[in-house]
Amino acid sequence: MNPQARRSFDDYPLHHALGITLVEARPGYARIVMETSRLTLGGIGGSVHGGLLAAMVDIVMLEALSAGREPGDEFAGTAELNISYLRPALSKRVFAEATVIKKGRSLAVTEVSILDEAGRVCARARTTYALRRGASGEA
């Protein structure tokens, strides 16, 4: 992974504020980690707030898609995000892993897992992301 891309990701204000860093990104896959803090622990029993887990889903999904960006791809936004919370995320570090399942001309589908430090699945998500073909790509 390009060190400049990692630095750019890590320095993004929202990522920085939430303590999220990019662990790995390659075409079709990305992994991020969030260091929990007073800011993030607003969920049940002191767990990570569910809205922040959903934000992690959106963030890591976009990194998995960005790593495989092709000439002419224009990102148009998240069309759908579905998340199932399976257990509280209680560890000091929480991971999110995204895998691109299918990328077409106008939509991409990903699956995301949220994991605690012990590797237990805390949430599973599926996203649909809208794409447009740019001027350098064919419609």
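Just so you know, these numbers come straight off a predicted model, no measurement behind them. (Residues numbered from 1 in each chain as written. Predicted model: local features only at pLDDT ≥ 70, side-chain atom pairs only at ≥ 80, totals over all residues. Heavy atoms only, no water.)

**Student:** Is there a simple way to explain the nonpolar core in this structure?
**Tutor:** The nonpolar side chains of soluble globular proteins are, as a tendency, buried together. Counting 32 residues, the largest nonpolar core has Ile20, Ile32, Leu53, Met56, Val112 and Ile114 as the members making the most contacts within it. Contributing elements (two or more residues each) for this core: β1 (20-26), β2 (29-35), α3 (50-67), β3 (73-85), β4 (93-103), β5 (107-115) and β6 (121-133). Here this core takes nine residues from α3, the largest share from any one element. Leaving out residues up to four positions away in the same chain, Ile20 has contacts with Phe9, Asp10, His15, Ile32, Val33, Met34, Met56 and Ile59. (Core = buried A, V, L, I, M, F, W, Y, C linked by side-chain atoms within 4.5 Å. Buried < 20%, exposed > 50% of the residue type's maximum accessible area, 1.4 Å probe, protein only. Helix = DSSP H or I, 4+ residues; strand = E, 2+ residues; numbered from the N terminus. Contact = heavy atoms within 4.5 Å.)

**Student:** Would you take a moment to explain the sheet that holds β1 for this structure?
**Tutor:** For sheets, the rule is that strands pair by backbone hydrogen bonds, running either parallel or antiparallel. The strand order β1-β2-β4-β5-β6-β3 describes an open sheet built from six strands, whose pairing is antiparallel. The two strands at the open ends of the sheet, each matched to only one other strand, are β1 and β3. Each strand axis lies, on average, 20° off the axis of its neighbour in the sheet, ignoring direction. Pairing analysis gives 11 bridges linking β3 to β6, with the strands arranged antiparallel. Residue pairing for β6: Phe75 is matched across the bridge by Leu131. (Pairing = 2+ DSSP bridges. Axes fitted to C-alpha atoms, helices over the stretch in contact; angles between N-to-C directions.)

**Student:** Help me understand the packing of aromatic side chains, please; the structure alone is not making it clear to me.
**Tutor:** To describe a pair of aromatic rings, you give the distance between the ring centres and the angle between the ring planes. Tallying each qualifying case throughout the model produces one aromatic pair. Plain terms: the ring middles of Phe75 and Tyr129 are 5.6 Å apart, the flat faces sit at 75° to each other, and that makes the pair edge-to-face. Residue Phe75 is located in strand β3, and its partner Tyr129 is located in strand β6; the two are separated by 54 residues in the primary sequence. For the pair formed by Phe75 and Tyr129, the shared burial category is buried. Sitting above the plane of the Phe75 ring, Arg69 keeps its charged end 4.1 Å from the centroid. (Phe/Tyr/Trp six-rings, centres within 6.5 Å; stacked < 30°, edge-to-face > 60°. Lys NZ or Arg CZ within 6 Å of the ring centre and 35° of its normal.)

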